[in-house]
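Analysis of the macromolecular model
Chain residues, written in single-letter form:
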Amino acid sequence: MPVRPEYILAATDDSPFYGARRTMADLVKAAAPGDTPQTEELPAGWLMRRWSGWEGWTPRDWTPRVQGWKIHVSTTPACATETLARVTRVCVRNTVCFKFLYEASTLMDTNGKQHDRGGSGKFVTIYPDDDAQLALLLDELEAELAGQEGPYILSDLRYADAPVYVRYGGIMSLSYPDSQDRPVAAVTSGPEMLLIPDQRQPQFIIPEGVTLPDCLQASYARSRTSLPSRLKDFKAVSPLHFSNAGGVYKATLPDGPVRVLREARSHTGVDARGRDAVTRQVEEEAILTDLKGVAGVQQLVGSFWAWEHRYLELEYAEGRALTAWVVQNSAFEGGPDGIKRARFAEKAVQVGAQLVDIIERVHNAGWVVGDLHPGNVLVSDNLDVTLIDLEDATRVGDPRSIGFRVFEFCAPDHLDAVEADWYAVSRSLMLMYVPDWELEIIAPGFWDEAMARVERWFGVAAVEQLRAVCARFRPVERHLLAPTVTVGRRRQPLAPDEAIPALDAGIEWSRQFSPSGSFPGEPSVEGDGSESLSSGRAGVVWTRLRLGRPVPDSDLDALEVACTGDVKDPGLNPGRAGIALTLADAGRAEAASVAARSALVESAARRRLDLHAGRAGVVLAAIETARAVSDANLLADALAANERLQRSVVAGTSAWADLTHRRGYLFGLTGLALTDLVAHVATGDARPLDRAIDRLRADLEACIVTKDGDLMVRDVDNNRALPYIEWGSAGIWGVAMVAE
């Protein structure tokens, strides 16, 4: 399946494991370093500070407001230096505080396709002292920046014609924790000074209780004026997907025809070829015009502008992305007779044959697809295949160039553009049969193993189709993302008594790739998880203890050190409670007791309640630690904390809503049930047991039954059915077995 961005950002050339997560700006800077766009000198008597990609210039005697109207200026890489010079002169002349992106790479990231839509485009932020200065600055900037270009800042109100925008929001940092203890940026509202979210949504919002200044009235009225456009011809428009480059919408005309509308925003979504979304869309329109009538390619209807955005109007293609089709038609649920696999193989070969034919037709028409991956291949219920999204297509015979890619499906550099398409087809077909084929990135020999599995599990037709596709490009020895250090693969499976020592040896070998002396971690984890139970040293130590494997004293010493100082995260999996549990298992009684107590105390001030990182997990760890080290006082405090927690989670409360949004073991009521079961074992009291059964019943009753008769948890946000342990029906089943 396509790799999430945080994994690409944590991949390194010199390790088969993930490292510290970088920003997209870091990657851009490494690929194309650029000078700072600031050419003006810092005036005498001004202060300068850099943080998180920003450089702030502040008059020494400036006194900030807590909140108010702020000015934002957007730009393009080509205009950045001149725009910043003009803005700087205005700000210095008016003695007003401002900040700007001081590296070209950060600006490119800000205007990139994957950047947050609400914050995109902001190059300079200016902090007027009051509304009178706001009006003065807006007029000066409008005059100074005439003719300069920049993307529309969706969270803001555009002042006039120059790339100058305004938004009401925080100037000094205010925040409050949400239900998961994540900070929410805030502003005050009304005479009560109530904190409300400082909203940075991709639309202009005037906070409750804020009055629009006179200088913005005309701009606001203009923004509310509706102009004629083709967009108004549709009776229903619903979003399918959003990116910073623009949205994709399903649109229905009054007489019934359904279309897909692809939106493009000027100066945003800049790709590796330097093209913004509108430039790419104009080029794609020409490509689709040339491919009119080519079977299997989504067909163009037309194009139009609405407001400041350009749209492609396309025929609506029925189906779901190939990735989703594979999930919905899993071949691994049948019995040992392989009947279901055989039926799946028949369908998959049919899908593959259509995809091959479509790519051949596109090539024969003189084009290569470029950004070819399963997300751009739709499969209908009738197994009709449609190729979509040709914005990175190029002419056959032109030098290979890359604007966007899903890198797992991107061919190595030695293949030409036509070969690269066939390489992407081969990996897309393999996804249908061996979903973990991407192991070839760190184990190049795994591709041959995957081919053998296809033949063994899905038959000759499937593997011959794959071989025929692979014959269309030169041999590939290493994946594009392969690090310099790769691993081999075992020809024969390990015997049960060999598997644990071998895995343990591999884990110890991985330590050399961790800068902290721990073990390589999980890049999707926020912050430093190198000592944690879920993705760090504590998890390795705990597992080794449970398996009777040796544990170096140096690892236990490091865990003790990790539990000193303030508690940054008390949670079970990501924080101190999990380390305490590990130290207790290792016999480090005093350190375990102190760590568990500090986590318990800190969790009482936190809002998060689940087992993974909330109070339920902290309480569970405290009870288990107290029992392991015979700390009666800690046990009493943990049991009391459990009672307070459990009594707070009742239907109709925010606590209940939080724990019923993601049902199951780590994030739902089932986690609280496990904590109650631990309390029952510790005390013999029947009340926690009864309560745990009620929690389990609530999660089970909320499950759905799939068409195949499987009981699963429903993901209400993404309309999925989940069978997993951490979030799904398997976790509920596991805790239910403990309860029995």
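Residues numbered from 1 in each chain as written. Predicted model: local features only at pLDDT ≥ 70, side-chain atom pairs only at ≥ 80, totals over all residues. Heavy atoms only, no water.

Another point: the packing of helix 11 (residues 446-458) against helix 12 (residues 460-470). For the pair helix 11 and helix 12, the least separation of the axes is 6 Å and the interaxial angle reads 145°. Counting all contacts with helix 11, which are made through W447, M451, V454, E455 and F458, the residues of helix 12 involved are V460, A462, V463, L466, R467 and C470. For the contact of helix 11 with helix 12, the per-class residue count stands at 9 nonpolar, no polar and 2 charged. (Axes fitted to C-alpha atoms, helices over the stretch in contact; angles between N-to-C directions. Helix = DSSP H or I, 4+ residues; strand = E, 2+ residues; numbered from the N terminus. Contact = heavy atoms within 4.5 Å. Nonpolar A, V, L, I, M, F, W, Y, C, P; charged D, E, K, R; others polar.)

Here we have 3 strands laid out as an open sheet, ordered 8-9-10, and antiparallel in their pairing. Looking at the sheet topology across the chains shown, the edges are occupied by strand 8 (175-177) and strand 10 (194-197). For this sheet, the mean inter-axis angle between neighbouring strands, taken without regard to orientation, is 55°. Pairing of strand 9 (residues 183-189) with strand 10, which is carried by 4 bridges, proceeds in the antiparallel orientation. Its bridge partner lying in strand 10, V187 is registered against I196. (Pairing = 2+ DSSP bridges.)

Among the surface-exposed residues, L700, V705 and L711 lie close enough to one another that they form a single nonpolar patch of about 260 Å² accessible area. In this structure, L700 sits in helix 22 (residues 686-701). Overall, the relative accessible area of 36% leaves L700 in the partly exposed class. (Patch = residues over 30% accessible without salt bridge, like charges linked within 9 Å, V, L, I, M, F, W, Y side chains within 5 Å. Areas by Shrake-Rupley, 256 points an atom, 1.4 Å probe, with all protein chains shown as cover. Salt bridge = Lys/Arg side-chain N within 4 Å of Asp/Glu carboxyl O. Buried < 20%, exposed > 50% of the residue type's maximum accessible area, 1.4 Å probe, protein only.)

Turning next to the pairing of strand 3 (residues 67-73). Of all 7 residues in strand 3, 7 are buried; the element is thus mostly enclosed. Here strand 3 pairs with strand 7 (residues 164-170) via 7 bridges, running antiparallel. From the neighbouring strand, H72 faces strand 7, where its bridge partner is Y165. Relative to strand 5 (residues 124-127), strand 3 runs antiparallel, the two being bridged by 3 bridges. Residue pairing for strand 5: H72 is matched across the bridge by T125.

As summarised here, the arrangement of the 3 strands in space is 21-22-23, forming an open sheet in which the pairing is antiparallel. Strand pairing shows two members of the sheet lacking a second neighbour, strand 21 (704-705) and strand 23 (720-722), which therefore form its edges. In terms of strand pairing, strand 22 (residues 711-715) meets strand 23 through 3 bridges, oriented antiparallel. Residue pairing across strands places V713 opposite L722, the latter belonging to strand 23.

Attention shifts here to the packing of aromatic side chains. Applying the stated rule across the entire model yields 22 aromatic pairs. Among the aromatic side chains, those forming a connected cluster through ring pairs are W46, W57, F98 and F100. Here the guanidinium or amino end of R662 rests over the ring plane of F667, the centre of that ring lying 3.8 Å away. (Phe/Tyr/Trp six-rings, centres within 6.5 Å; stacked < 30°, edge-to-face > 60°. Lys NZ or Arg CZ within 6 Å of the ring centre and 35° of its normal.)

This paragraph deals with the side chain of D271. Mapped onto the elements, D271 comes out in the loop between strand 13 (258-265) and helix 7 (277-290). Within the local environment of D271, its side chain forms a polar contact with the side chain of R275, the two groups lying 2.9 Å apart. (Polar contact = N/O pair within 3.5 Å; in protein donor to acceptor, adjacent residues only side chain to side chain.)

This brings us to helix 14 (residues 537-547). The set of residues buried in helix 14 consists of R537, A538, G539, V540, V541 and R544. At the C-terminal side of helix 14, G548 shows a positive phi close to 75°.

Together, D129, D130, D131 and D214 line one region of the surface with negative charge. Relative to the elements of secondary structure, D129 occurs in the loop between strand 5 and helix 5 (131-144). (Lys, Arg positive; Asp, Glu negative; His and termini not counted. Charge placed at Lys NZ, Arg CZ, Asp CG, Glu CD.)

A separate point is the pattern of salt bridges. Under the definition given, this model contains 55 salt bridges. Note that R262 and E284 form a salt bridge whose closest N and O atoms lie 2.5 Å from each other. Pair noted here: R262 is in strand 13 and E284 is in helix 7, with a separation of 22 residues, a long-range link. The buried category is assigned to E284, whose relative accessible area is 2%. A single network of salt bridges, built from pairs that share partners, joins D271, R273, R275, R280, E283, E391, D392 and R405.

Let us look at the packing of helix 17 (residues 589-603) against helix 18 (residues 615-629). Angle between the axes and distance between the axes: these two values describe a pair of packed helices. It is the contact of helix 17 with helix 18, at a shortest axis distance of 9 Å, that shows an interaxial angle of 155°. In terms of axis orientation, helix 17 runs roughly antiparallel to helix 18. As helix 17 runs across helix 18, the sense of the crossing is left-handed. Listed contacts from helix 18 to A589, A592, S593, A596, A599, L600 and S603 of helix 17 are R615, V618, V619, A622, T625 and V629. The residue makeup of the contact of helix 17 with helix 18, split by class, is 9 nonpolar, 3 polar and 1 charged. (Parallel < 35°, antiparallel > 145°, perpendicular 65-115°, else oblique. Left-handed = near helix turned anticlockwise from the far one by under 90°.)

All right, on to the environment of R224 then. Locating R224 in the fold gives a position in the loop between helix 6 (214-223) and strand 11 (236-243). Judged by relative accessible area, R224 falls into the exposed class, the value being 62%. Along the primary structure R224 and S189 are separated by 35 residues, whereas in three dimensions their C-alpha atoms are 24 Å apart.

Next up on the list: the side chain of D276. Residue position: D276 is located in the loop between strand 13 and helix 7. An unpaired buried charge is present at D276: no salt bridge exists, and R280, the closest side chain of opposite charge, is 6.3 Å distant.

Right, let's get into the state of the cysteines. If you walk through the whole model with that rule in mind, you get 0 disulfides. C91 carries a free sulfur, and the closest cysteine sulfur to it, the one in C97, is 8.7 Å from it. Taking the relative accessible area as the measure of exposure, C91 reaches 0% and is therefore buried. (Disulfide = S-S within 2.5 Å.)

Right, let's get into the environment of V629. With respect to the helices and strands, V629 occurs in helix 18. For the pair V629 and T75, spaced 554 residues apart in sequence, the C-alpha separation works out to 61 Å. Once you skip the residues sitting within four places of it in the chain, V629 turns out to touch A584, A589, A592 and S593.

Our next topic: helix 5. Compared with the 20 Å implied by 1.5 Å per residue over 14 residues, the 20 Å span of helix 5 between its first and last C-alpha is a close match. Along helix 5, the residues classified as buried are Q133, L134, L137, L138, E140, L141 and E142. Those residues of helix 5 hidden inside the fold are in contact with strand 3, helix 3 (80-93), strand 5, strand 7 and helix 6. A side-chain oxygen of the first residue of helix 5 lies 3.2 Å from the backbone nitrogen of A132; this N-cap is D130. (Expected span 1.5 Å × (residues − 1).)

Let's shift gears to the pairing of strand 14 (residues 300-306). Regular strands show a simple pattern: their side chains alternate between the two faces of the sheet. Where strand 14 and strand 15 (residues 309-315) come together, 6 bridges link them in antiparallel fashion. Paired with A306 across the strands is H309, a residue of strand 15.

Moving on, we come to the nonpolar core. By size, the foremost hydrophobic cluster in this structure holds 62 residues, and its most contacted members are W325, L387, V425, M430, M432, Y433 and V454. When residues of this core are assigned to their parent elements, the largest contribution, 10 residues, is made by helix 10 (residues 417-433). Once you skip the residues sitting within four places of it in the chain, V425 turns out to touch L355, V356, I359, L372 and V469. Judged by nonpolar contacts, the second largest core, of 48 residues, contains L533, A592, V629 and A638. (Core = buried A, V, L, I, M, F, W, Y, C linked by side-chain atoms within 4.5 Å.)

Turning next to the environment of V368. With respect to the secondary-structure elements, V368 resides in strand 17 (residues 367-368). On the accessibility criterion, V368 (2% relative accessible area) is buried. Linking V368 and G397, residues 29 residues apart in sequence, is a C-alpha distance of 9.0 Å.

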